[in-house]
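# Breakdown of the fold
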Amino acid sequence: MTDWKNPPRLFIPGPVHVLPEVLQQLARPTLGHRGKEYTQLHGETVEMLKKILFTNQNVFLSTSSASGVWEGSIRNCVKLDETVLCTMCGAFSDKYADVARACGRKVEELKVEWGQAITAEMVDAKLSQGKYAAVTLVHNETSTGLTNPVYEISEMLKQKHPDVLVFVDAVSGMVGLPMHFDDLGWDVVFASVQKAFAIPPGLAVFAVSNRAMEKAKTVPDRGYYFDFLEFAKSAAKNQTPTTPSVPHIMALHYQCTRLLGEGMENVWARHKKMAEYVREWAKKNFALFCPEEYASNTLTTVKNTRGIKVADVINAVQQKHNTVFGNGYSKLKQETFRIAHMGDITIDDLKELLGWIDDEIN
Ligand SMILES: Cc1ncc(COP(=O)(O)O)c(C=O)c1O
């Protein structure tokens with residue numbers, strides 16, 4: 001059983017390690033969500049998020065995990081007779097296609113091997129062959145530790161396919177990786193707070209472009225909980241349509257204040273530095289699972305070239321040091337392992353973790 005006075009240190013790619021002072025925010029006395037104090041909290045949080053995401057458009061808070069916004073993006077912005085191009089390069093981008101199908105939309109797949117990236121050329125070639133209402137992309141594929149070249153893809157989309165809506169799953173990318181929502185021309189982006197925001201799970205942050213909001217007005221049967229038009233109506237009053245997780249929003253306000261205090265360029269540079277450190281260790285001891293040019297700055301997926309027993313090493317580090325890192329995802333369980341370096345994890349934490357893994361494997 002977990003000793004709650006001495007919780008395990010998490011290096012799994014979400015939920016990640018949460019600072020005690022952030023946990024304290026979740027323990028603050030709660031507020032009525034239609035009252036003045038809440039609307040101030042909500043308004044300030046959204047204003048900060050707009051700076052963090054580099055947008056002047058719509059930012060919403062959803063008391064759900066990000067998977068809800070997978071569904072929301074499809075149900076609000078794609079009509080039943082329209083087709084979505086789903087780009088797929090790992091477990092989570094694959095699931096986005098499943099969600100679109102589960103919402104009854106027509107899906108065309110653009111699929112590469114796990115560990116490979118989606119490129120602008122591939123997306124262009126596919127979009128040029130058909131009529132698509134939207135394209136789905138994963139910013140950072142958490143199952144493989146890969147960052148897609150979303151800036152290049154977005155530039156191509158703006159130039160060659162400006163009418164196609166762009167939905168981006170940035171669940172493990174947002175905050176840790178550069179993202180300029182308005183300049184990129186994206187229409188929906190979302191993340192859960194248990195990744196680089198370094199808050200316990202239970203809330204999602206999402207941004208929606210003005211043109212996607214206009215499209216939503218023309219789409220029937222958008223559903224109830226994730227109806228973007230309801231989010232917008234409530235956002236005009238600095239509120240949410242349904243009762244939000246107020247404690248999470250207190251923690252998010254706290255974390256956004258810290259992020260802006262540090263400056264987003266510095267936050268991204270800090271993540272890059274941690275990633276480089278882990279990548280050097282991984283290359284020295286094993287190999288990277290992805291081509292290095294696409295290796296993520298928020299987590300590293302290490303290729304198990306030495307055939308170590310991943311579960312045994314994870315167990316040993318947990319037993320001896322009360323610290324947990326991630327196994328490979330799904331079919332990569334034994335073939336890889338994953339180390340998160342996002343949020344409030346530091347280089348010193350990583351040095352300690354990698355030293356402990358060294359002790360087990362050498
Ligand atoms: C890239 C990506 N997309 C979507 C999800 C689903 O997020 P959630 O479980 O918070 O709904 C995850 C979860 O790890 C993820 O890593």
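A brief report on the enclosed structure follows. (Residues numbered from 1 in each chain as written. Predicted model: local features only at pLDDT ≥ 70, side-chain atom pairs only at ≥ 80, totals over all residues. Heavy atoms only, no water.)

Here the focus is the packing of helix 5 (residues 120–128) against helix 6 (residues 150–160). Close contact between helix 5 and helix 6 brings their axes to 8 Å; oriented N to C, the two are set at 30°. Between helix 5 and helix 6, the crossing angle belongs to the class labelled roughly parallel. Seen from above, helix 5 lies across helix 6 with right-handed handedness. Facing helix 5, whose interface residues are Ala120, Val123, Asp124 and Leu127, helix 6 presents Glu152, Ile153, Met156, Leu157 and Lys160. Taken together, the residues of the contact of helix 5 with helix 6 break down into six nonpolar, no polar and three charged. (Axes fitted to C-alpha atoms, helices over the stretch in contact; angles between N-to-C directions. Helix = DSSP H or I, 4+ residues; strand = E, 2+ residues; numbered from the N terminus. Parallel < 35°, antiparallel > 145°, perpendicular 65-115°, else oblique. Left-handed = near helix turned anticlockwise from the far one by under 90°. Contact = heavy atoms within 4.5 Å. Nonpolar A, V, L, I, M, F, W, Y, C, P; charged D, E, K, R; others polar.)

This brings us to the packing of aromatic side chains. The tally for this structure, following the rule as stated, stands at 13 aromatic pairs. Taken together, a centroid distance of 5.7 Å and an interplanar angle of 45° make the contact between Phe60 and Phe231 tilted. Pair noted here: Phe60 is in strand 2 (residues 58–62) and Phe231 is in helix 9 (residues 228–235), with a separation of 171 residues, a long-range link. A residue is classified by how much of its surface remains accessible, and Phe231, at 4% relative accessible area, is buried. Look at Tyr96 and Phe190: their rings are 5.9 Å apart centre to centre, the planes differ by 75°, and that puts the pair in the edge-to-face class. Of this pair, Tyr96 sits in helix 4 (residues 91–102) while Phe190 sits in strand 9 (residues 188–192), placing them 94 residues apart in sequence. Owing to a relative accessible area of 2%, Tyr96 belongs among the buried residues under this scheme. Every member of this aromatic cluster is reached through a ring pair, and the members are Phe60, Phe206, Phe228 and Phe231. For Arg306, the ring lying beneath its charged end belongs to Phe286, and the centroid distance is 5.2 Å. The ring of Trp114 carries the charged tip of Lys331 above its face, separated from the ring centre by 4.2 Å. (Phe/Tyr/Trp six-rings, centres within 6.5 Å; stacked < 30°, edge-to-face > 60°. Buried < 20%, exposed > 50% of the residue type's maximum accessible area, 1.4 Å probe, protein only. Lys NZ or Arg CZ within 6 Å of the ring centre and 35° of its normal.)

This paragraph deals with the site of the ligand. Not every one of the 13 residues close to the ligand is listed here, only the nearest: Ser65, Ser67, Thr142, Asp169 and Ser192. The contact in question runs from an oxygen atom of the ligand to an N or O atom on the backbone of Ala66, over 3.2 Å. With respect to the ligand, the side chain of Ser192 contributes an N or O atom lying 2.5 Å from an oxygen atom. When the ligand sits alone it has 390 Å² of accessible area, and the protein chains cover 87% of it. Looking at the shell around the ligand, its residues break down into five nonpolar, six polar and two charged. (Near = heavy atom within 4 Å. Polar contact = N/O pair within 3.5 Å; in protein donor to acceptor, adjacent residues only side chain to side chain. Areas by Shrake-Rupley, 256 points an atom, 1.4 Å probe, with all protein chains shown as cover.)

Let's shift gears to the pairing of strand 8 (residues 165–169). Counting buried positions along strand 8 gives five out of five residues, so the element sits mostly inside the fold. Burial along strand 8 is two-sided: the face carrying Leu165, Phe167 and Asp169 and the face carrying Val166 and Val168 are both buried. Bridge count for strand 5 (residues 134–138) against strand 8 is five bridges, and the pairing is parallel. What sits directly across from Val135, in strand 8, is Val166. Note that strand 8 and strand 9 share three bridges and pair parallel. Each residue of the ladder has a partner; that of Asp169, found in strand 9, is Phe190. (Pairing = 2+ DSSP bridges.)

Those residues of helix 6 lying buried are Val150, Ile153, Ser154, Met156 and Leu157. One face of helix 6 carries all of its buried residues, which in axial projection span an arc of 160°. When the buried face of helix 6 is taken as reference, the exposed residues oriented beyond 90 degrees from it are Glu152 and Gln159. Structurally, helix 6 contributes buried residues whose contacts are with helix 5, strand 5, strand 8 and helix 7 (181–184). (Arc of directions from axis to C-beta.)

To continue, consider the pattern of salt bridges. A complete count under the given rule lists 18 salt bridges for this structure. Across the salt bridge formed by Glu352 and Arg9, the nearest N and O atoms sit 2.8 Å from each other. In this pair, Glu352 sits in helix 13 (residues 347–361) while Arg9 sits in strand 1 (residues 9–11), placing the two residues 343 residues apart along the sequence. For Glu82, the salt bridge is made with Lys215, and the minimal N-O distance between the two is 2.9 Å. Placement of the pair is Glu82 in the loop between helix 3 (67–77) and strand 3 (83–88) and Lys215 in helix 8 (residues 210–217), with a sequence separation of 133 residues. Each member of the pair, Glu82 together with Lys215, is buried. Here the salt bridges share partners, and the residues they tie into one network are Arg9, Asp349 and Glu352. (Salt bridge = Lys/Arg side-chain N within 4 Å of Asp/Glu carboxyl O.)

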